[in-house]
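# Structure assessment
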Amino acid sequence: MSDEKSVLIVVDVQNDFCPGGALAVPHGDEVVPVINALAQKFRHVAATQDWHPKGHISFASSHPGHKPYEVVEVAYGPQVLWPHHCVQGSRGARIVDGLSIPHAELLIRKGYYKDTDSYSGFKEADRVTRTGLAGYLRERGFTTVYCAGLATDFCVNWTALDAAAEGFKTFVIEDACRAIDLNNSLEAARAGWRKAGVTALLSAEVTG
Ligand code: VGL
Ligand code: ZN
């Protein structure tokens, strides 16, 4: 989308979410060539990076007696526990080497408060703390957001829902995403998009 009002947000394409990583999304690496081609169609690109301190609240290791993929109750509600992943400064937290989006204009980090997780690129899991992304996009004059990356049913999903809630026309480019699919979370995400007016698309449908 070479127009000035549209931005592609590339969500969390990081080593830890790819095969061999700490929280590998099945086939997560397959989004890389798809996003590389897709990003060529966009004049404006932004990216997000999951960026947790050691001992983060979302890590199962921070909750003695609990294992990854269990759900615990924390101050802001239920929290899925994950293997430790995307620790600030680690190799696993780095954006995947093969991702080629040199024209990305913004890299926004999230999940850096020890006691709050953040799937969304806009708002943390307490649903109050903002990352600044909405303000940035508005100030830049963007009206339309396209989402791609990892994982479809977690960080892409929450980012897309929040983009729509912030008033952006919002698309998820499904072949440029891969899902974790925990307890039917992918179908639940798609149902949420329908309700929120988020449109699922394939990258071939995105015209340059
Ligand atoms: C993500 C689980 C934990 C994601 C991040 O990027 O979808 N999932 N942290
Ligand atoms: Zn995370």
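Preceding block: the structure.
It should be emphasised that the depicted structure is a prediction, and the values quoted were computed from it without experimental measurement.

Calculation rules
Residues numbered from 1 in each chain as written. Chains lettered and ligands numbered in written order. Predicted model: local features only at pLDDT ≥ 70, side-chain atom pairs only at ≥ 80, totals over all residues. Heavy atoms only, no water. Donors = N, O, S within 2.8 Å, 3.2 Å for Na, K, Ca; no water. Tetrahedral: all angles 85-135°; square planar, octahedral: opposite > 155°, others 65-115°. Helix = DSSP H or I, 4+ residues; strand = E, 2+ residues; numbered from the N terminus. Buried < 20%, exposed > 50% of the residue type's maximum accessible area, 1.4 Å probe, protein only. 1 Å grid on protein atoms, 1.4 Å probe; cavity = no way out; pocket = protein on both sides within 12 Å on 5 of 7 lines; lining within 4 Å. Points joined across faces, edges and corners; volume = space filled by probe spheres on them. Nonpolar A, V, L, I, M, F, W, Y, C, P; charged D, E, K, R; others polar. Salt bridge = Lys/Arg side-chain N within 4 Å of Asp/Glu carboxyl O. Phe/Tyr/Trp six-rings, centres within 6.5 Å; stacked < 30°, edge-to-face > 60°.

## What about the coordination of the zinc ion (ligand 2)?
Bound to the zinc ion (ligand 2) on the protein side are D50 (OD), H52 (NE2) and H85 (NE2), at distances that span 2.0 to 2.2 Å. Its 4 donor atoms give the zinc ion (ligand 2) angles of 87 to 171° at the centre, a pattern that matches the irregular case. The sequence pattern formed by the donor residues of the zinc ion (ligand 2) is D-x1-H-x32-H. Highlighted residues: D50 in strand β2 (residues 45–50) and H85 in the loop between β4 (77–80) and β5 (104–110), separated in sequence by 35 residues. Here D50 matches H85 in class, with each residue buried.

## What about empty space enclosed by the protein?
In this approach a probe as big as a water molecule rolls over the atoms, and the regions it shows empty are the leftover space. A full pass over the atoms with the stated rule returns 1 cavity of 30 Å³ or more. By volume, the largest cavity amounts to about 110 Å³. Taken together, 14 residues line the largest cavity, and the ones lying closest to its centre are F17, L23, D50, Y119 and C155. Across the lining of the largest cavity, the residue classes tally to 10 nonpolar, 2 polar and 2 charged.

## Quick notes on the pattern of salt bridges
Summed over all chains, the structure comprises 11 salt bridges. A salt bridge links D50 to K110, with the nearest nitrogen and oxygen atoms 2.9 Å apart. Linking D50 in strand β2 with K110 in strand β5, this pair joins segments that are 60 residues apart in sequence. Since its relative accessible area comes to 3%, D50 is described here as buried.

## Some points on the packing of aromatic side chains
Per the stated rule, a full pass over the model turns up 9 aromatic pairs. With a centroid separation of 5.1 Å and 70° between ring planes, the pair formed by F42 and Y146 is classed as edge-to-face. Placement of the pair is F42 in the loop between α1 (31–39) and β2 and Y146 in strand β6 (residues 144–150), with a sequence separation of 104 residues. A relative accessible area of 3% places F42 in the buried class. Look at Y112 and Y113: their rings are 5.1 Å apart centre to centre, the planes differ by 55°, and that puts the pair in the tilted class. With a relative accessible area of 32%, Y112 lands in the partly exposed category. Ring pairs connect the aromatic residues Y69, W82, Y119, F154 and W158, which therefore count as one cluster.

Treat this as a map of the structure, not an account of what it does.
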